[in-house]
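Topology and contacts: notes
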Amino acid sequence: MFENEIVDKMTMSRALTRITYEIIERHKGIDDIVLVGIKTRGIHLARRIAERLKQLEGIDVPVGELDITLYRDDNHEAKKEEPTINASNVPFAIENKEVILVDDVIFTGRTIRAALDAIMDIGRPDKISLAVLVDRGHRELPIRADYVGKNIPTAKSEQIIVAVEEVEGSDRILIRKNK
């Protein structure tokens, strides 16, 4: 296998800032917005967006954590053992709010489908939007992101790996190619 860094820390930061500005531009105010990060890296990205929103707008946007393990449609195929459950933590009401789901990469759309099911089990928001750091294409479901940091076209055999400071110790995006 061959890995190549395609996005460095500065470019990744700019992409998140661009997403933040787009969120501000599309809303008359951000009072009714909540961010929900999809475990694992989506949570860290959601926190960063919330931090930037506070810097720019002076408003604390609530951030929740969503574990979609039990909602995935591929658990029965991928593993024979029981899935590990990390538990969601959405400590605020989502009714009458716009939930912005945040994830690192959108690929087939199956993770987002599972996240939509998980959110609807928590409550009924006014609207659900999607923010992703990377859109790599190859959708299997009719799902698209409302806010995209980077579009990175890939072959199906390639992988996009998002590293975040909070988990891997550095911010960068890699593409992994099979030789």
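Residues numbered from 1 in each chain as written. Predicted model: local features only at pLDDT ≥ 70, side-chain atom pairs only at ≥ 80, totals over all residues. Heavy atoms only, no water.

The protein chain is annotated in an unreviewed UniProt entry as Bifunctional protein PyrR from Vagococcus fluvialis bH819. The Subunit (unreviewed entry) comment attached to the protein chain in UniProt states, word for word, "Homodimer and homohexamer; in equilibrium." What the UniProt record of the protein chain gives under Sequence similarities (unreviewed entry) is the line "Belongs to the purine/pyrimidine phosphoribosyltransferase family. PyrR subfamily." (UniProt positions renumbered as here; feature names shortened; annotations may be inferred.)

Quick word on the sheet that holds strand β3 (residues 63-66)
Two orientations exist for strands paired in a sheet by backbone hydrogen bonds: parallel and antiparallel. Across the sheet, which stays open at both edges, the five strands sit in the order β3-β2-β4-β5-β6 with parallel pairing between neighbours. Each edge of the sheet is formed by a strand with only one pairing partner; in this case those strands are β3 and β6 (147-151). Within the sheet, the average angular offset between the axes of one strand and its neighbour, ignoring direction, is 25 degrees. Where strand β5 (residues 127-135) and β6 come together, four bridges link them in parallel fashion. In the sheet register, Asp135 faces β6, and the bridge partner there is Asn151. The strands touched by helix α2 (residues 41-57) within the sheet are β2 (33-38), β3, β4 (98-106) and β5, with β2 carrying the most contacts at an inclination of about 155 degrees. Set on the sheet, helix α4 (residues 110-122) makes contact with β2, β3, β4 and β5; between it and β4 the angle comes to about 155 degrees. (Pairing = 2+ DSSP bridges. Helix = DSSP H or I, 4+ residues; strand = E, 2+ residues; numbered from the N terminus. Axes fitted to C-alpha atoms, helices over the stretch in contact; angles between N-to-C directions. Contact = heavy atoms within 4.5 Å.)

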